[in-house]
Each structure stands twice: as structure tokens, then as C-alpha cells.
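Residue strings, one per chain:
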Amino acid sequence: DSGVTQTPKHLITATGQRVTLRCSPRSGDLSVYWYQQSLDQGLQFLIHYYNGEERAKGNILERFSAQQFPDLHSELNLSSLELGDSALYFCASSHIRNTIYFGEGSWLTVV
Amino acid sequence: DQQVKQNSPSLSVQEGRISILNCDYTNSMFDYFLWYKKYPAEGPTFLISISSIKDKNEDGRFTVFLNKSAKHLSLHIVPSQPGDSAVYFCAASAPSAGGTSYGKLTFGQGTILTVHP
């Protein structure tokens, strides 16, 4: 158990819909990262929040957004969903550089 | 442009022997490297990391070697156990403005390790 909690574990939704994925970081970790793993792209960095502020963006679509709340949990919002958005979405958290831990992932299927 | 490459899609090893997983990178700005183990539909599990100021880091059965001049790192698992069978990913990060985005990792495509009893 990495200490990073993600909900929901599985989600099936229709194209055009919007979903929210939630992440609770490890206790004491101020940084939260979101990654997407799809079959053809591997693990891709999406976005990083540090203590409520956005710090870095990767290949995140404009239809996707994230935020980190004062209690440090984070949400990834995916809207106008397309079939190609089906993937595993991972959250990771860290406190110092050599301890970046991942959650179990949220499996999104868009039908 | 794949900045982190794991050229071996799979590796098969006998239990008790050494497993050597390799990773090459192209971005000279990378200064921190990590190895993760992953099972299907689960999150990556952190194994070991190394900073570019070192050339070796050891943790139990796992040792990571870094050759900066060759832009190459490897993970050695000794002795290999059947429970080590999984997909292994190497990942790299570069310094960022403010020094806090070290979790922006670039991953390789993974190597499937199978350890036979």
C-alpha cells in the first residue's frame, strides 16, 4: 500500500460526459501528480500541483483540468469525453525527490 | 521522440540468477532516475532511485547503476525470485524552475520480467 488513495477504481461512462477522479496523497506530501496510461502511449505525465498551486503541465488536453484543495486532496476533471480517453489514470504524491509514490489508479472506460 | 528507452520488451530469468534490466536516455538534463515495478491494472510500485551525482545505489536485492557518459542505467536484481515477475519501468526527471516539479517523470515503455522457478 503506497498510501496514495484514488477513487473510483473503475468508471464506465458515455462519450460527451464529464467525470471527476479523486486522489488523496500520502500523509505529509504536498505534491500531487496525475499520469495517464493508455495502451499506445505508456505512462504520460499530465499535471503537477504543489500545495494548491499548479506547478507543471504535461500533455494534458484542454478538456481536462485539475485542482488541489486546501486539505491537499486533488481532483482531475475530464470533460467532453471521447473514446480515446479510455485509460488508467494514476495519481502520485511526493514529499522529497526520491519518494514518488503512485496510487492504484482509476480505470476509465468511455463507451 | 522517446527520451527514455527500454529496448528489451521482455526478459526471462531462472530463479536465483541475476536479472539485469536496461534503460537508455537521451535528455542530458535528466538528473534523477527511478525504477518502478508494475502489475497489470495496478499502480507502479517504487523500487529504487539514483541521483546523477552517484553511479550506484543499492537496496537489498536491488542495485541501480548509472553511467552518465553513456546515458545508460541498469537495474540488477540478485537473486531473482518468482515474485519479481512483473513489468519494470525506468523513469527520469529533470530539474525544473523552482526545483519542485521533480515528480514530472518521463517513463520508458517497460520490460516484462519473468522469473521461472
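Further up the page is the structure itself.
Now for a quick tour of the structure. Note that this is a predicted model, so its numbers are computed, not measured. (Residues numbered from 1 in each chain as written. Chains lettered and ligands numbered in written order. Predicted model: local features only at pLDDT ≥ 70, side-chain atom pairs only at ≥ 80, totals over all residues. Heavy atoms only, no water.)

Re the interface of chain A and chain B
Often, the extent of an interface is quoted as the loss of accessible area on bringing the components together. With 25 residues of chain A at the interface, the matching set in chain B holds 23 residues. For the pair chain A and chain B, the two sides together bury roughly 2000 Å², of which 57% comes from carbon and sulfur. For the pair chain A and chain B, the number of links is 0 salt bridges. Remark: the boundary between chain A and chain B carries 3 residue pairs in polar contact (both at pLDDT 80 or more). Going through the elements one at a time, β4 (31–38), β5 (42–50), β6 (53–57), β9 (87–94) and β10 (100–102) of chain A are the ones with two or more residues in the side of chain A that touches chain B. For the side of chain A that touches chain B, the residue count by class is 12 nonpolar, 9 polar and 4 charged. (Contact = heavy atoms within 4.5 Å. Buried area = accessible area lost by both parts, 1.4 Å probe. Salt bridge = Lys/Arg side-chain N within 4 Å of Asp/Glu carboxyl O. Polar contact = N/O pair within 3.5 Å; in protein donor to acceptor, adjacent residues only side chain to side chain. Helix = DSSP H or I, 4+ residues; strand = E, 2+ residues; numbered from the N terminus. Nonpolar A, V, L, I, M, F, W, Y, C, P; charged D, E, K, R; others polar.)

Focus on the pairing of β9 of chain A
Residue and element names in this part refer to chain A. Burial within β9 is extensive, with 8 of its 8 residues counted as buried. Neither face of β9 is exposed, since Ala87, Tyr89, Cys91 and Ser93 on one face and Leu88, Phe90, Ala92 and Ser94 on the opposite face are all buried. Sheet analysis places β4 next to β9, joined by 7 bridges and oriented antiparallel. Within β9, the residue paired with tyrosine 33 across the bridge is alanine 92. Sheet topology note: the β9/strand β11 (residues 106–110) ladder contains 3 bridges and is antiparallel. (Buried < 20%, exposed > 50% of the residue type's maximum accessible area, 1.4 Å probe, protein only. Pairing = 2+ DSSP bridges.)

Observations regarding the side chain of aspartate 85 of chain A
Tracing the backbone shows aspartate 85 of chain A in the loop between β8 (74–78) and β9. Excluding anything up to four places from it in sequence, aspartate 85 of chain A contacts Gln36, Leu61, Arg63, Phe64, Ser80, Leu108 and Val110 of chain A.

Some words on the state of the cysteines
All names here are of chain B. One pass over the structure, following the stated rule, counts 2 disulfides over all chains. Linked covalently through their sulfurs, cysteine 23 and cysteine 90 form a disulfide whose S-S length is 1.9 Å. As the torsion about the S-S bond is roughly 60 degrees, the cysteine 23-cysteine 90 disulfide counts as right-handed. Taken together, the residues span a long stretch of sequence, with cysteine 23 in strand β3 (residues 19–25) and cysteine 90 in strand β9 (residues 86–93) at a distance of 67 residues. The exposure classification of cysteine 23 matches that of cysteine 90, with both residues buried. (Disulfide = S-S within 2.5 Å.)

Things to note about the nonpolar core
Residues and elements named next belong to chain B. Among the nonpolar cores identified, the biggest contains 23 residues, and Phe33, Trp35, Leu73, Leu75 and Tyr88 are the most heavily contacted of them. Only β3, β4 (32–38), β5 (45–51), β7 (62–67), β8 (72–77), β9 and β11 (111–116) provide two or more residues apiece to this core. Of all the elements, β9 adds the most residues to this core, at 4 residues. (Core = buried A, V, L, I, M, F, W, Y, C linked by side-chain atoms within 4.5 Å.)

With respect to the pattern of salt bridges
Charged atoms that come close allow side chains of opposite charge to pair. Taken as a whole, this structure holds 6 salt bridges over all chains when the rule is applied. Note that arginine 26 of chain A and aspartate 29 of chain A form a salt bridge whose closest N and O atoms lie 3.4 Å from each other. By relative accessible area, which is 4% here, aspartate 29 of chain A ends up buried. One salt bridge in this structure joins lysine 56 of chain B and glutamate 58 of chain B, with 4.0 Å as the shortest N-O distance. Under the relative-accessibility criterion, glutamate 58 of chain B is labelled exposed at 53%.

Some remarks on a nonpolar patch on the surface
Residues and elements named next belong to chain B. The grouping of Ile18, Ile20 and Val78 at the surface amounts to a nonpolar patch, some 230 Å² of accessible area in total. Considering the arrangement of structural elements, one finds isoleucine 18 in the loop between β2 (10–14) and β3. With a relative accessible area of 41%, isoleucine 18 lands in the partly exposed category. (Patch = residues over 30% accessible without salt bridge, like charges linked within 9 Å, V, L, I, M, F, W, Y side chains within 5 Å. Areas by Shrake-Rupley, 256 points an atom, 1.4 Å probe, with all protein chains shown as cover.)

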